Amino acid sequence: MKQFTKEENSWMFYDWANSAYSIIITTAVFPLFYKAAAMKAGVSASDSTAYLGYTIAIATFILAILSPILGTIADYKGLKKRFFTFFFVLGLISTVSLAFIPSEQWLLLLLFYTLTAIGSSGSNVFYDAFITDVTTEERMNRVSARGFGLGYIGSTIPFIISIAIIVLAQNEVLPISTVIASKIAFLITAVWWGVFTIPMLKNVYQRYGIEREPKPIINSFKRLGNTMKEIRKYRALFLFLLAYFFYIDGVGTIITMSTAYGTDLGISSTNLLIILFVTQVVAAPFAILYGRLAERFTGKTMLYVGIFVYIIVCIYAYFLKTTMDFWILAMLVATSQGGIQALSRAYFAKLVPKQNANEFFGFYTIFGKFASIMGPLLVGITAQITGNSASAVFSLVILFIIGITILKFVPEPKVDASHTFSA
């Protein structure tokens, strides 16, 4: 990684750190842990999936409301790191807390899961905005994609350890219950997340921002109001946010609900964990590949490719019947989930004014998070009405079609390579 600066490497390693949370808490172990707890308490499979969807919707709604406000305040010089640290610590402490909640308290599990989600997603708002501080516009596709690639690679290590502990406990090789094994996985996640965030905390600094002024909170709300009034003047940025609103909804919903969906199909928890592990391994090189191909074919072209793959995923999901079908679906997702997120982040970063990066990334988050309310709610409501999760996943295809249609009208951002960073 010698071709990257110290700041770029330190920034990218937060993907390495935080992705352990994404795979173990968001996608794999916690959903299985929660589903088992809820079903043991007499909650039906479809209802427990619905309640998880509603919980995700509530967490994303809270963050969507807070993000542009906090982002606007954080645009003052010296505040971006403080907000990042606050949400990081909130997520870390809440993740540790999951290990100490009695497994039969499924509602309490959902409450603390909400706090972990707010902490993780909140820190990512400011982490994403830091990309304008650590690299140049011409390097953003590669740096962003490499970050996602490191995230997938790094997350496999604590995930392997967690899977090993859980499987060994299931087979009574280890003298602990599966419940205890899952709680150990939560603690492993917190330790990994905490340790590998240290480079980000030590080496990444806010380069761009506005000077502090009297009554910063009041003035921040005024700036936020002016931006909301004027955002339509940024035509390319506004159109991209609109396209992003739709297609990222589908991406996020498929990621967060995949384990619950697999459980409803009757796939064993062991098979699900193995599938998710392989997905992480396959996703890593593809995320990096997307970054390299974006330099050759443009970021917009590769976004088209990623969205098209997800359209195929939604259609194929409707016909899932076997574990092999789920394997095929997971591999399709693995080819594009990191790439589409990395290039979206880089594409948006090239469009925003750097001195107001937090404020605009707040809008980036609010579009993404409000979109993420719609998807899980759709899955939850459809699952309860039809008793069939496949129908809900299939319905997400419309979001990708709308997103790719709007994206056609977004111009390619102009690259400004006039500023550089030293290693």
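Residues numbered from 1 in each chain as written. Predicted model: local features only at pLDDT ≥ 70, side-chain atom pairs only at ≥ 80, totals over all residues. Heavy atoms only, no water.

## Observations regarding the overall build of the protein chain
Alright, step 1. What the protein chain contains, in helices and strands, is 17 helices and zero strands.
Alright, step 2. If you take every contact in the protein chain between residues at least 6 apart in sequence, the share linking residues at least 24 apart comes to 85%.
Alright, step 3. Split by element, the accessible area of the protein chain, about 16,600 Å² in all, is 68% carbon and sulfur. (Helix = DSSP H or I, 4+ residues; strand = E, 2+ residues; numbered from the N terminus. Contact = heavy atoms within 4.5 Å. Areas by Shrake-Rupley, 256 points an atom, 1.4 Å probe, with all protein chains shown as cover.)

## Looking at the packing of helix α1 (residues 6-27) against helix α4 (residues 80-98)
Helix-helix packing: each pair is described by the crossing angle between the helix axes and the interaxial distance.
Alright, step 1. At a minimum axis separation of 13 Å, α1 and α4 run at an interaxial angle of 35°. Considering only the axes of α1 and α4, their crossing is left-handed. Residue-level inspection shows Y14, Y21 and I25 of α1 in contact with α4, the latter providing F84, F88, T95 and L98.
Alright, step 2. Taken together, the residues of the contact of α1 with α4 break down into six nonpolar, one polar and no charged. (Axes fitted to C-alpha atoms, helices over the stretch in contact; angles between N-to-C directions. Left-handed = near helix turned anticlockwise from the far one by under 90°. Nonpolar A, V, L, I, M, F, W, Y, C, P; charged D, E, K, R; others polar.)

## What to know about the nonpolar core
Alright, step 1. Grouped together as the largest cluster of nonpolar side chains are 122 residues, with contacts concentrated most on W11, F240, Y247 and F400.
Alright, step 2. It is helix α11 (residues 235-264) that contributes the most residues to this core, 15 residues altogether.
Alright, step 3. Those residues in contact with F240, other than ones at most four positions away along the chain, are Y247, L303, S344, Y347, F348, L351, Y364, L407 and V410.
Alright, step 4. Within the second largest apolar cluster, eight residues are counted, among which are A283, A284, A287 and A342. (Core = buried A, V, L, I, M, F, W, Y, C linked by side-chain atoms within 4.5 Å. Buried < 20%, exposed > 50% of the residue type's maximum accessible area, 1.4 Å probe, protein only.)

## Details of the packing of helix α13 (residues 299-318) against helix α17 (residues 397-407)
Alright, step 1. Remark: α13 packs on α17, axes separated minimally by 9 Å, with the N-to-C direction vectors making an angle of 165°. Relative to α17, α13 is oriented roughly antiparallel. The hand of the α13/α17 crossing is left-handed. The segment α13 lies against α17, with K300, L303, Y304, I307, Y310, I311, C314 and I315 engaging V397, F400, I401, I404 and L407.
Alright, step 2. Among the residues making up the contact of α13 with α17, the classes are represented as 12 nonpolar, no polar and one charged. (Parallel < 35°, antiparallel > 145°, perpendicular 65-115°, else oblique.)

## Observations concerning the packing of aromatic side chains
Alright, step 1. The tally for this structure, following the rule as stated, stands at 27 aromatic pairs.
Alright, step 2. One residue, K80, lies across the ring of F130, its end atom 4.7 Å from the ring centre.
Alright, step 3. The ring of Y205 has K81 lying over it, and the distance from NZ or CZ to the ring centre is 5.1 Å. (Phe/Tyr/Trp six-rings, centres within 6.5 Å; stacked < 30°, edge-to-face > 60°. Lys NZ or Arg CZ within 6 Å of the ring centre and 35° of its normal.)

## Examining the side chain of D15
Alright, step 1. Within the secondary structure layout, D15 lies in helix α1.
Alright, step 2. Leaving out residues up to four positions away in the same chain, D15 has contacts with Y127, G147, F148, G151 and R345.

## What about the environment of W327?
Alright, step 1. Its place among the elements puts W327 in helix α14 (residues 323-351).
Alright, step 2. Residue class for W327 comes out partly exposed when judged on its relative accessible area of 25%.
Alright, step 3. Along the chain, W327 and I274 lie 53 residues apart, while their C-alpha atoms are 9.8 Å from each other.
Alright, step 4. Not counting residues within four places of it along the chain, the set of residues in contact with W327 comprises I274, I275 and V278.

## Side note on the environment of R139
Alright, step 1. Positionally, R139 belongs in the loop between α6 (131-134) and α7 (140-170).
Alright, step 2. Each C-alpha atom, one on R139 and one on E295, is 9.1 Å from the other, the two residues being 156 residues apart in sequence.
Alright, step 3. In contact with R139, other than residues within four places in its own chain, are Q3, F4 and E8.

## Brief notes about unusual backbone geometry
Alright, step 1. The residue E172 is not glycine, and still its phi comes out positive at about 60°.
Alright, step 2. By secondary structure assignment, the location of E172 is in the loop between α7 and α8 (178-195).
Alright, step 3. Although it is not a glycine, T298 adopts a positive phi angle of roughly 85°.
Alright, step 4. Along the chain, T298 turns up in the loop between α12 (269-297) and α13.
Alright, step 5. A relative accessible area of 32% places T298 in the partly exposed class.

## Brief notes about the side chain of K81
Alright, step 1. Here K81 shows up in helix α4.
Alright, step 2. For K81, the side chain forms a polar contact with the main-chain oxygen of V204, separated by 2.6 Å. (Polar contact = N/O pair within 3.5 Å; in protein donor to acceptor, adjacent residues only side chain to side chain.)

## Focus: α1
Alright, step 1. For α1, spanning 22 residues, the distance from its first C-alpha to its last is 31 Å, which sits close to the expected 32 Å at 1.5 Å a residue.
Alright, step 2. Largest kink in α1: about 35°, centred on N18. (Expected span 1.5 Å × (residues − 1). Bend = angle between axes of the 7 residues up to and from the residue.)

## Focus on α7
Alright, step 1. The terminal C-alpha atoms of α7 lie 44 Å apart, and with 31 residues this matches the ideal 45 Å at 1.5 Å per residue to within 8%.
Alright, step 2. When the local axis directions of α7 are compared, the greatest deviation, roughly 25°, occurs at I157, which is followed within four positions by the proline P158.
Alright, step 3. The buried fraction of α7 is high, at 22 of 31 residues.
Alright, step 4. Phi turns positive, to about 60°, at E172, one or two residues after α7.

## Notes on the confidence of the model for the protein chain
Alright, step 1. Averaged over all residues, the pLDDT of the protein chain is 82; the fraction at 70 or higher stands at 85%.
Alright, step 2. This stretch, residues 417-423, has a pLDDT under 50; its non-local contacts, to residues over four places away or in other chains, come to 17 contacts. (pLDDT = per-residue confidence, 0-100.)

## Quick look at the environment of I274
Alright, step 1. Tracing the chain through its elements places I274 in helix α12.
Alright, step 2. With a relative accessible area of 37%, I274 lands in the partly exposed category.

## As for a nonpolar patch on the surface
Alright, step 1. Side chains of I58, F61, I62, I65 and L66 sit close together on the surface and give an oily, nonpolar patch of about 410 Å² of accessible area.
Alright, step 2. If you trace the backbone, I62 turns up in helix α3 (residues 45-74).
Alright, step 3. Relative accessible area serves as the criterion here: at 33%, I62 is assigned to the partly exposed category. (Patch = residues over 30% accessible without salt bridge, like charges linked within 9 Å, V, L, I, M, F, W, Y side chains within 5 Å. Salt bridge = Lys/Arg side-chain N within 4 Å of Asp/Glu carboxyl O.)

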